[in-house]
Amino acid sequence: MKKKIYVMQMVLAVLLMSFTACKDEFFEPSYSEGPVNEDAIWNTDRRVREYLNNGYNYMLARYNVDGSGALMASGSDEAVNSNLNSNVNIFNNGNWSSLRTFDEQYTNLYNGLWVVNTFLERSPTAVIFPASDLRGLRGEAFFLRGLLHYELFKRYGGIVLATRSFSPVEDLNIPRNSVDDVVRQIVKDCDSAISQIPAASTKDWDAANYGRATKAAGMALKAKTLLVYASPLYNTGNDLQRWQNAANAAKDLIDLNKHSLLSTALFPSLWDYTNTATSYNNEVIFATPASNTNAIEANNAPISFTGGLGRTNPTQNLVDAFEMTNGKAITDPTSGYDPQNPYANRDPRLNQFIIVNGANFKTGSLTRAVETYEGGRDNVPSNVNSTKSGYYLRKFLSGNATYNITGTTSVRRPWVLFRYAEILLIYAEALNEFGGPNAEVYNAINAVRNRAGMPALAGLTQSQMRDRIKNERRVELCFEEQRFFDVRRWKDGESNFNGAVRGMKITKVGTALTYNPFVIENRTFSSKNYWYPFQQSEINKASKLIQNPGY
């Protein structure tokens with residue numbers, strides 16, 4: 001308990017000294033005055049606003065979760081990490097425990113909640129000009145509180161709700177709130193945000209405030225929270241009203257009519273905010289501040305392209321999920337799939353998201369085909385960063401970024417937390433689970449498929465549609481940290497994460513290529529892994545914080 005108190009005091013000290021924020025539009029303070037007295041914060045409009053801005057700093061950007069360039073995709077069946085020593089492998093090798101945790105965000109998220117709660121408590125009597133702005137600023141704070149609670153909820157299930165700033169003199173040995181209570185609180189904060197934030201979507205703010213929370217962001221968070229709550233992990237009795245509630249929340253956002261899918265041509269650049277055509281685009285509902293960086297490319301590019309580290313290697317498991325262009329799975333004997341020409345006539349998203357052998361890759365002025373066949377320049381076993389699967393990541397990467405050369409070029413990119421394609425898939429899933437595949441279910445999922453150039457679905461049963469929605473999420477949202485948590489909320493972990501992840505061995509003789517899938521590694525998943533363990537140090541400090549089952 002003392003550790004948590006000290007951490008809160010340190011957070012306050014940092015805020016008082018600098019108000020340092022992420023360098024993106026409103027997040028960057030416009031002045032530096034040195035240390036500031038705590039009470040003085042609330043007596044100056046600018047300082048009050050900057051205090052709230054600091055709450056945004058606790059959002060999680062996820063392009064590098066291990067300090068060496070890993071994505072959470074490598075903790076699921078989407079990818080393996082070329083760095084075999086990465087701690088992301090704790091998710092896969094059976095060593096995940098209360099004494100050996102990973103993606104440990106517990107203290108960080110509660111620190112963020114303390115900042116946001118302090119703002120909510122102090123802002124009613126603070127100096128804000130014009131005073132009419134108070135309602136909207138508090139709406140942003142309610143959204144951030146809901147978001148930070150959601151990040152805890154999706155990891156741990158029931159958590160200690162922080163709806164006020166805890167005092168250093170309090171007894172913080174507090175029991176966890178139930179999942180029902182947690183969801184109820186997140187939804188309540190979302191509703192407050194929706195009703196109080198003046199901007200319906202990002203472009204409703206003036207340009208200097210792009211990136212702030214919006215009504216649509218509150219609706220997206222509400223829909224996602226209710227979807228998780230309706231899913232089998234928490235809805236063991238399949239209460240259909242929960243599915244209806246999730247569908248209604250997604251439909252509210254759709255009916256807001258402020259967001260849409262990017263065009264087919266622009267979609268691959270959705271994450272590129274340097275590109276004028278896609279900066280703060282209408283598909284992105286809410287994202288972290290955009291960082292100007294080339295680290296995403298340096299960490300993930302193929303090894304022969306100016307020393308890329310090739311960290312995220314997509315698995316054959318994921319590649320096989322991409323349908324043929326006729327809409328049939330490659331396992332369908334009538335699909336036309338050729339195992340010795342495996343990338344022909346596939347869902348166009350395969351080449352948009354994953355680099356396969358022979359596909360072109362670009363970094364600055366360098367463009368050439370990637371060689372992942374044995375002996376190719378991007379498959380060099382003596383290079384520890386060489387692909388372990390026969391594939392490299394393409395999603396998120398920009399051909400305009402350069403790295404490991406003189407005069408590098410960076411590209412502005414956020415980590416996208418909510419985008420419109422997922423809202424359509426949330427709506428389709430929730431509505432299908434509530435009553436089967438009606439016209440609205442088809443319209444929602446087919447909008448996503450049609451944008452990708454894939455044929456529309458038709459004539460499916462509820463069970464068949466469920467499988468297609470799961471696969472559509474797997475493909476459309478790959479590498480976006482959806483699969484890791486989707487499989488858990490569906491309670492599909494034992495069938496998807498417990499077993500072999502595969503790659504593709506490609507042999508070249510002359511000009512002829514031979515393709516043979518192989519097992520990269522066998523992974524472990526058990527029932528306890530549906531939730532994160534609390535660190536043992538947290539349990540030791542707070543005996544009422546009951547550990548998740550199995551840990």
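Up top is the structure.
Visitor: Help me understand the packing of helix α7 (residues 215-230) against helix α8 (residues 240-256) in this model?
Guide: Helix-helix packing: each pair is described by the crossing angle between the helix axes and the interaxial distance. Packing of α7 against α8 leaves a shortest axis separation of 8 Å and a crossing angle of 160°. On the basis of their axis angle, the class for α7 and α8 is roughly antiparallel. Both α7 and α8 take part in a crossing whose hand is left-handed. Where α7 approaches α8, its residues Ala216, Met219, Ala220, Lys222, Ala223, Leu226, Leu227, Tyr229 and Ala230 are matched on the opposing element by Arg242, Trp243, Asn245, Ala246, Ala249, Ala250, Asp252, Leu253 and Leu256.

Visitor: Hey, could you run me through α7 in this one?
Guide: Counting along an α-helix, one turn takes 3.6 residues, and residues three or four places apart therefore face a common direction. Taking 1.5 Å per residue, 16 residues should reach 22 Å; α7 reaches 23 Å between its end C-alpha atoms and fits that length. Extensive coverage of α7 is indicated by the burial of 16 of its 16 residues.

Visitor: Looking at this structure, how should I read helix α13 (residues 439-452)?
Guide: The end-to-end C-alpha distance of α13, which contains 14 residues, comes to 20 Å, matching closely the 20 Å that a straight helix rising 1.5 Å per residue would cover. Turning to α13, its buried residues are Val441, Tyr442, Ala444, Ile445, Asn446, Val448, Arg449, Arg451 and Ala452. Contact partners of the buried residues in α13: α11 (349-353), β10 (416-419), α12 (420-435) and α14 (462-476). Measuring from the side-chain oxygen of the N-cap residue of α13 to the backbone nitrogen of Glu440 gives 3.1 Å; that N-cap residue is Asn438. Just downstream of α13 lies Gly453, where phi reads positive at about 85°.

Visitor: Just checking my understanding: could you explain the nonpolar core for this structure?
Guide: Across soluble globular proteins, you tend to see nonpolar side chains buried next to one another. Core analysis: the largest hydrophobic core is formed by 160 residues, its most contacted members being Phe143, Phe153, Phe286, Tyr343, Ile354, Phe396 and Phe479. If we skip the residues at most four places from it in the chain, Phe286 touches Tyr56, Met59, Phe143, Leu147, Gly211, Arg212, Ala213, Ala217, Val416, Leu417 and Phe418.

Visitor: In this structure, what is going on with the environment of Ser97? I would like to understand it.
Guide: Checked against the element boundaries, Ser97 lands in the loop between β1 (79-81) and α4 (106-122). On the accessibility criterion, Ser97 (24% relative accessible area) is partly exposed. Residues Ser97 and Pro533 lie 436 residues apart in sequence; the distance between their C-alpha atoms is 6.3 Å. With residues near it in sequence (within four places) discarded, Ser97 still touches Pro533 and Tyr551.

Visitor: It is not clear to me how the environment of Asn177 should be interpreted in this structure. Could you clarify?
Guide: With respect to the helices and strands, the residue Asn177 is situated in the loop between α5 (134-156) and α6 (179-196). Residues Asn177 and Leu545 lie 368 residues apart in sequence; the distance between their C-alpha atoms is 9.7 Å. Residues in contact with Asn177, not counting those within four places in the same chain, are Gly158, Ile159, Val160, Leu161 and Val182. A polar side-chain atom of Asn177 sits 2.9 Å from the main-chain amide nitrogen of Leu161.

Visitor: Before we go on, may I ask you to explain unusual backbone geometry in this structure?
Guide: Backbone phi values are negative for most residues with the exception of glycine, while trans is the configuration of most peptide bonds. Cis rather than trans, the peptide bond between Phe129 and Pro130 has omega equal to -5°. One non-glycine residue, Phe396, lies in positive phi territory at about 80°. Following the sequence through the fold, Phe396 ends up in the loop between β8 (392-393) and β9 (411-413). Residue class for Phe396 comes out buried when judged on its relative accessible area of 6%. In this model, Asn404 sits at a positive phi of 55°, which is unusual for a non-glycine residue. Mapped onto the elements of the fold, Asn404 is located in the loop between β8 and β9. Judged by its relative accessible area of 56%, Asn404 is exposed.

Visitor: Looking at this structure, I do not really get the environment of Val48. What am I missing?
Guide: Tracing the chain through its elements places Val48 in helix α3 (residues 45-55). Along the sequence, Val48 and Arg122 sit 74 residues apart, while their C-alpha atoms lie 9.2 Å from each other. Setting aside chain neighbours within four positions, we find Val48 in contact with Ile41, Trp42, Phe119, Ala126, Val127 and Ile128.

Visitor: Got a minute to help me understand the packing of α5 against α7 in this structure?
Guide: α7 packs onto α5 with a crossing angle of 25° between their chain directions and a minimal axis gap of 10 Å. Looking at the two axes, α5 sits roughly parallel to α7. Crossing handedness for the pair α5 and α7: left-handed. Counting all contacts with α5, which are made through Phe143, Gly146, Leu147, Tyr150 and Phe153, the residues of α7 involved are Ala217, Gly218, Leu221, Lys224, Thr225 and Val228.

Visitor: Explain the pattern of salt bridges here, please?
Guide: Charged atoms that come close allow side chains of opposite charge to pair. Across all of its chains, the model carries 43 salt bridges by this definition. Note that Arg451 is salt-bridged to Glu476, the shortest N-O span being 3.1 Å. Here Glu476 lies in helix α14 and Arg451 lies in helix α13, a separation of 25 residues in the sequence. Given a relative accessible area of 0%, Glu476 falls into the buried group. Linked through salt bridges whose partners overlap, the residues forming this network are Glu283, Glu323, Asp347, Arg349, Lys395, Arg419, Arg449, Arg451, Arg468, Glu472, Glu476 and Glu480.

Visitor: Got a minute to help me understand the side chain of Asp492 in this structure?
Guide: Mapping Asp492 onto the fold places it in the loop between α15 (483-489) and α16 (493-496). Leaving out residues up to four positions away in the same chain, Asp492 has contacts with Lys470, Val487 and Tyr530.

Visitor: Sorry if this is basic, but what is going on with the side chain of Arg488 here?
Guide: Take Arg488: it is sitting in helix α15. The side chain of Arg488 sits in the buried core without any salt bridge; Asp77 is the nearest counter-charge, 8.8 Å away. Discounting chain neighbours no more than four positions away, the residues touching Arg488 are Trp96, Leu233, Phe497, Phe525, Asn529 and Tyr530.

Visitor: How do you make sense of the packing of aromatic side chains when you look at a structure like this?
Guide: Under the definition given, this model contains 34 aromatic pairs. Relative to Phe396, the ring of Tyr63 lies with its centre 5.3 Å away and its plane at 80°, an arrangement referred to as edge-to-face. In this pair, Tyr63 sits in the loop between α3 and β1 while Phe396 sits in the loop between β8 and β9, placing the two residues 333 residues apart along the sequence. Pairing Phe305 with Phe361 gives two aromatic rings, centres 5.0 Å apart and planes at 80°, and the pair type is edge-to-face. Taken together, the positions of Phe305 in the loop between α9 (295-300) and β4 (312-314) and Phe361 in strand β6 (residues 360-363) put the pair 56 residues apart, joining distant regions of the chain. We note that Phe305, like Phe361, is buried. Ring pairing ties together the aromatic residues Phe91, Trp96, Phe102, Tyr106, Tyr110, Tyr156, Phe484, Phe485, Tyr532, Phe534 and Tyr551, which thus form one cluster. A cation sits over an aromatic face here: Arg368 above Phe305, 4.5 Å from the ring centre.

How each quantity is defined
- Residues numbered from 1 in each chain as written.
- Predicted model: local features only at pLDDT ≥ 70, side-chain atom pairs only at ≥ 80, totals over all residues.
- Heavy atoms only, no water.
- Axes fitted to C-alpha atoms, helices over the stretch in contact; angles between N-to-C directions.
- Helix = DSSP H or I, 4+ residues; strand = E, 2+ residues; numbered from the N terminus.
- Parallel < 35°, antiparallel > 145°, perpendicular 65-115°, else oblique.
- Left-handed = near helix turned anticlockwise from the far one by under 90°.
- Contact = heavy atoms within 4.5 Å.
- Expected span 1.5 Å × (residues − 1).
- Buried < 20%, exposed > 50% of the residue type's maximum accessible area, 1.4 Å probe, protein only.
- Polar contact = N/O pair within 3.5 Å; in protein donor to acceptor, adjacent residues only side chain to side chain.
- Core = buried A, V, L, I, M, F, W, Y, C linked by side-chain atoms within 4.5 Å.
- Salt bridge = Lys/Arg side-chain N within 4 Å of Asp/Glu carboxyl O.
- Lys, Arg positive; Asp, Glu negative; His and termini not counted.
- Phe/Tyr/Trp six-rings, centres within 6.5 Å; stacked < 30°, edge-to-face > 60°.
- Lys NZ or Arg CZ within 6 Å of the ring centre and 35° of its normal.

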